[in-house]
Amino acid sequence: MSIKLNPLSEAQSKALEILLEGAGPEQLIWLSGYFQGLTVAHNKPSIGAAVQTPAAVVAASHLKLTILYGSHTGRSEGIANKLSGLLGEKSISAGVFAMDDYNPKQLEKEENVLIIVSTHGEGEPPEMAEDFHRFITGKRAPKLPNLNFSVLALGDKSYKLFCQTGLDIDHALKNAGAKELFPIVTCDVDYEEDSNTWMNAILRKLAELHPIGASAEVATAKPEELVVYNQKNPFRATVIDKVKITGRDSDKEVYHVELDLAGSGISYQPGDSVGVLTDNPPALVDGIIAQLNLDAESPVVVKKTEYSLQVALRHQVEITLLTRDVIQKYAEKTGIEAVAKILEDDKLLDSYLWGNDILDLLVEFPSTLTAQELIDLLRTLPARLYSISSSQDSVGDEVHVTVATVRYENKGRNREGAASTYLADRIEIEEEVPVYIERNPGFRLPENDETPIIMVGAGTGIAPFRAFVQQSEVQKRKGKSWLFFGERRFYSDFLYQIEWQKFLKKGVLGKIDLAFSRDQDEKIYVQHRLAEKQAEVFDWLENGASFYLCGDMKYMAKDVQKTLLEIIQTQGGMSEEQARDYFKKLKKEKRYQADVY
C-alpha cells in the first residue's frame, strides 16, 4: 500500500505554489495562523457551541502581533516563548524576536507589540536590548499612534534603578503616542507569579479585541507531567563535598561545593547557574526580634501562608540586604522624616544601601511595628545564583559551585552574606540544599568546536571557565583556548591551581596568564595582562575567537571592556567609533559574552 505524502489534488497543489510564490515572512505568519485556525475549527468544536467558521478564523488571523524580548540570563526569552505557545493554542500567531535581531524602525509598521525585557546592573539594558533601547529612547524614535503595546519588566529590587530598562521603554512608547494594551508590570527576582498575571491579562485583552482568541489562564503543570524544578519547587540536593580552596594566609574564604543531583533528571550546560534557596543568619533574626521587642512565635502571613515570626524571618523574607522599596515603605509606615530624606538624595541612598541591613534601619530610626507590619515591609527571600563550575558531561549527576563567603564588620556588628555563610557554616556534607538550574543561553561555548576561545575571570569569576575547560576535554574541542585569571595572591588565592596545571599539561587549556594584584607594590589586574598581550589578543579575535568575561560587574567587567575597546582601536588602526562598531559586531555574532554580577 503506497502512502500519499501530499493529500492535495494537482490543482490544489498548483494553487498553493502560486499563493506562496514570493510570500514574505509577515504573509507566511498570517497564513500559518489562518491554516492553524481552520484546523482548530474543523477538529475541535466547543461543546454546545457552533463550529468556528473560516470567516471568524480570517478575523483572528488579521491580528498582527509581535513579541520582543531582551534578556541577559534567558528569563525574558523563556517568558516570550511561553506566551507565544499560549497564543498559538488560541490560533493567534506571533512573531517572536530577540531585540538584537529586530530592526526597531519596523515599529512604525507594527500594530501590537509585547515587550519582555530585563534590566542589567545599575539600570542598564542587557546587551541584546542596547540598540533597541537607544533607538526608542533617542531623538530618532518615530511617532507610533497606531501601535498597541504592553511591557513586562524584569529586575531586582536590591538595585536602585529597579526595572529601569522596561520603564524607559514603556515611557518612550507612550511619548511616541502608542497605546497600552495593559499597564507595565514590574517583576522582582521572584518573577513567576507577576509574569503569569501579565500574560493572563494580555490573553484576556486580546480575547476582548479578537473573540476567536478565547481567554485562557496560564496553565499549571498536570500531576502526570514531568517534574520541573524551579524556585517554587526546588530539588533537595545532597552535599557530596565541601572544601575551602583559599590558603590559610588568604583574607578571602572561598569554598568549592559539590551537590548530588541523582534521581532529579536535572540537566545543565556550561554557562548556566544554580539557584540556591538559602536561609538568613540566625543572629540577625534574633537581633531584629529583640530590637522590636516582639514575640518570636507571633503568627505572620507571607504570601497567604502562616508562619511564626522567627521562621518567616529565617526562611521567607529578605533581611540581609536593604532596597529602596523597603526604605520607602518604612518611611511611609513610620512617618520618620529622616528616612524620607534618604530617598531624596541618590548619593545618600546609594551610601545607605551599601553594607546596611534591616536591623540597621530599625536601630538608627527606631519605631514601633507589629510582627505583621514588619513582614509586610520586606520582600520574599530570593534564591542566590552561582555560576556553575562543572560540566555535567564530565561530573555526571553532580553540580559544582564556587562560593566566596561574605563576612565583614560594619558599625560594630559582624555581617554575613545569607547564601555564602549558609553554604559555608550552616550546611554540612550529607545535608540537603534546595536548588534549581537557571539557564543562561547567552553564555555558551561556540557551536563550532574549532573556534578559539579567550576566557577572562577574576575571583570566583573563574567558575564557568572550569566548566568550559572540563567540557572541552570531554568533547575533545579542537579550538585553541586562553585563560586570563586574576586574584589577590598567588600562594593563597590561585583557585583550582592544580587543575589548571593538569589541563595545561594535557593540552586541554592552551595558555594561561595570571594577575595577582597584591604580590607586588603596583596592583596588576586581568585588564593589564590583556593590554600586555594586546597584539596576540587582537590576532585571535581577527581569526574568529570568542571572548568570554566573568566577574564583578561594577569595576572589573567595565575595566576589561574598556581595555578590549582600546586593544581593538590600537591594534586594528581604528577610530574610537570604528572600534565600538567592531565590538558591537562581536556581541552581535555572540563572540563577546559576559556573565557579570
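Residues numbered from 1 in each chain as written. Predicted model: local features only at pLDDT ≥ 70, side-chain atom pairs only at ≥ 80, totals over all residues. Heavy atoms only, no water.

**Here we look at the overall build of the chain**
Looking only at helices and strands, the chain has 23 helices and 21 strands in total. Counting every position in the chain, which comprises 597 residues, the buried fraction comes to 49%. Relative to all contacts within the chain whose residues are 6 or more apart in sequence, the contacts with residues 24 or more apart total 76%. Total accessible area computed for the chain in this model is approximately 29300 Å², and 51% of it derives from carbon and sulfur atoms. (Helix = DSSP H or I, 4+ residues; strand = E, 2+ residues; numbered from the N terminus. Buried < 20%, exposed > 50% of the residue type's maximum accessible area, 1.4 Å probe, protein only. Contact = heavy atoms within 4.5 Å. Areas by Shrake-Rupley, 256 points an atom, 1.4 Å probe, with all protein chains shown as cover.)

**Re the sheet that holds strand β19 (residues 511-516)**
Taking strand neighbours across the sheet as the criterion, the five strands line up as β19-β18-β17-β20-β21 in an open arrangement whose pairing is parallel. With partners counted over all chains shown, the strands left at the sheet margins are β19 and β21 (592-596), one partner each. Averaged over neighbouring strand pairs, the angle between their axes works out to 10° when direction is ignored. Note that strand β17 (residues 453-458) and strand β18 (residues 481-487) share six bridges and pair parallel. (Pairing = 2+ DSSP bridges. Axes fitted to C-alpha atoms, helices over the stretch in contact; angles between N-to-C directions.)

**Some words on unusual backbone geometry**
Negative phi values dominate among residues other than glycine, just as trans dominates among peptide bonds. Phi is positive for N293, close to 55°, though the residue is something other than glycine. Along the chain, the position of N293 falls in the loop between α8 (282-291) and β10 (299-302).

**What to know about the sheet that holds strand β16 (residues 432-438)**
As summarised here, the arrangement of the six strands in space is β12-β9-β16-β7-β8-β13, forming an open sheet in which the pairing is antiparallel. The open sheet is flanked by β12 (384-387) and β13 (398-404), the only strands paired with a single partner. Across the sheet, the mean angle from the axis of one strand to that of its neighbour is 40°, orientation sign disregarded. Sheet topology note: the strand β8 (residues 254-260)/β13 ladder contains seven bridges and is antiparallel. Note on β13: the bridge partner recorded for Y255 is V403.

**Details of helix α22 (residues 553-572)**
The terminal C-alpha atoms of α22, which comprises 20 residues, lie 26 Å apart, in line with the 28 Å expected from a rise of 1.5 Å per residue. The set of residues buried in α22 consists of M553, M556, A557, V560, T563, L564, L565, I567 and I568. Those residues of α22 that are buried lie in contact with β17, α20 (526-532), α21 (534-542), β20 (546-551), α23 (576-588) and β21. Sitting at the amino-terminal end of α22 is D552, which places a side-chain oxygen 2.9 Å from the backbone nitrogen of Y555. Once α22 ends, the next one or two residues include G573, with phi positive near 60°. (Expected span 1.5 Å × (residues − 1). Polar contact = N/O pair within 3.5 Å; in protein donor to acceptor, adjacent residues only side chain to side chain.)

**Focus on the side chain of T323**
Note on placement: T323 falls in the loop between α9 (309-315) and α10 (324-334). The exposure class assigned to T323 is buried, which follows from its relative accessible area of 2%. Residue contacts for T323: discarding those within four places in its chain leaves K157, S158, L353 and R379.

**Comments concerning the pattern of salt bridges**
Tallying each qualifying case throughout the model produces 45 salt bridges. Notably, a salt bridge pairs R379 with D188, separated by 2.9 Å at the nearest N-O pair. Within this pair, whereas R379 is found in the loop between α14 (371-377) and β12, its partner D188 is found in the loop between β6 (185-187) and α7 (192-209), the two being separated by 191 residues in sequence. For the pair R379 and D188, a shared accessibility class is recorded, and that class is buried. (Salt bridge = Lys/Arg side-chain N within 4 Å of Asp/Glu carboxyl O.)

**What to know about the packing of α22 against α23**
Look at α22 against α23: their axes get within 9 Å of each other, and the N-to-C directions meet at 115°. As for how α22 packs across α23, the hand of that crossing is right-handed. For the pair α22 and α23, the contacting residues are Q561, L564, L565, I568 and Q569 in the first and E576, A579, R580, Y582, F583 and L586 in the second. Looking at the contact of α22 with α23, its residues break down into seven nonpolar, two polar and two charged. (Left-handed = near helix turned anticlockwise from the far one by under 90°. Nonpolar A, V, L, I, M, F, W, Y, C, P; charged D, E, K, R; others polar.)

**Side note on the packing of aromatic side chains**
Centre-to-centre distance and the angle between the planes together describe a pair of aromatic rings. Tallying each qualifying case throughout the model produces 21 aromatic pairs. Measuring from ring centre to ring centre gives 5.6 Å for F490 and F516, while their planes differ by 90°; the resulting arrangement is edge-to-face. Of the two residues, F490 is situated in helix α18 (residues 490-493) and F516 in strand β19; the sequence distance between them amounts to 26 residues. Across the ring face of Y255, the terminal group of K242 is positioned such that the distance to the ring centre comes to 6.0 Å. (Phe/Tyr/Trp six-rings, centres within 6.5 Å; stacked < 30°, edge-to-face > 60°. Lys NZ or Arg CZ within 6 Å of the ring centre and 35° of its normal.)

**Regarding the nonpolar core**
In this structure, I288, L309, L313, I319, L374 and L378 are the most contacted members of the largest nonpolar core, which totals 36 residues. Going through the elements one at a time, α8, β10, α9, α10, α11 (337-344), α12 (346-353), α13 (358-364) and α14 are the ones with two or more residues in this core. The contacts of L378, once residues within four sequence positions are left out, are L313, V317, E318, I319, V326 and I358. Core analysis: the second largest hydrophobic core is formed by 31 residues, I524, V537, I568 and V596 among them. (Core = buried A, V, L, I, M, F, W, Y, C linked by side-chain atoms within 4.5 Å.)

**A word on the pairing of β8**
Each regular strand shows side chains that alternate between the opposite faces of the sheet. Of all seven residues in β8, six are buried, a share of seventy percent or more. Pairing geometry for strand β7 (residues 235-244) and β8, over six bridges, is antiparallel. Looking at β8, one finds that K244 is bridged to Y255.

**Looking at the environment of K157**
Relative to the helices and strands, K157 resides in the loop between β4 (148-154) and α6 (164-175). Its relative accessible area of 24% is what places K157 among the partly exposed residues. Through-space distance from the C-alpha of K157 to that of L321 is 10.0 Å; in sequence the pair is 164 residues apart. Not counting residues within four places of it along the chain, the set of residues in contact with K157 comprises F162, D188, T323, R324, D325 and R379. Within the structure, K157 has its side chain in polar contact with the side chain of D325 (distance 3.5 Å).

**A few points about the confidence of the model for the chain**
On average, residues of the chain score 87 in pLDDT, and 87% of them reach the 70 mark or higher. Low pLDDT (under 50) marks residues 1-6, which in the prediction has one contact with non-local residues, meaning those over four places away or in another chain. Of the regions scoring below 50 in pLDDT, residues 220-225 engages in zero contacts with residues more than four places distant in sequence or in other chains. (pLDDT = per-residue confidence, 0-100.)

**Side note on the environment of A371**
Within the element layout of this structure, A371 appears in helix α14. For the pair formed by A371 and E297, sequence separation is 74 residues and the distance between their alpha carbons is 9.6 Å. Ignoring any residue separated from it by four or fewer positions in sequence, one finds A371 in contact with L294, S298, V300 and L309.

**Things to note about the pairing of β4**
Within β4, six of the seven residues are buried, leaving the element largely enclosed by the surrounding structure. For strand β3 (residues 112-118) and β4, the ladder comprises seven bridges, and the chain directions are parallel. Across the sheet, residue I116 finds its bridge partner in β4, namely L152. As for the winding sense of the linkage, the β-α-β connection from β3 through helix α5 (residues 130-136) to β4 is right-handed. With respect to chirality, the unit in which β4 leads through α6 into the neighbouring parallel strand β5 (residues 179-180) is right-handed. In terms of strand pairing, β4 meets β6 through three bridges, oriented parallel. Note on β6: the bridge partner recorded for L154 is C187. (Right-handed = clockwise from strand over helix to strand, strands pointing away.)

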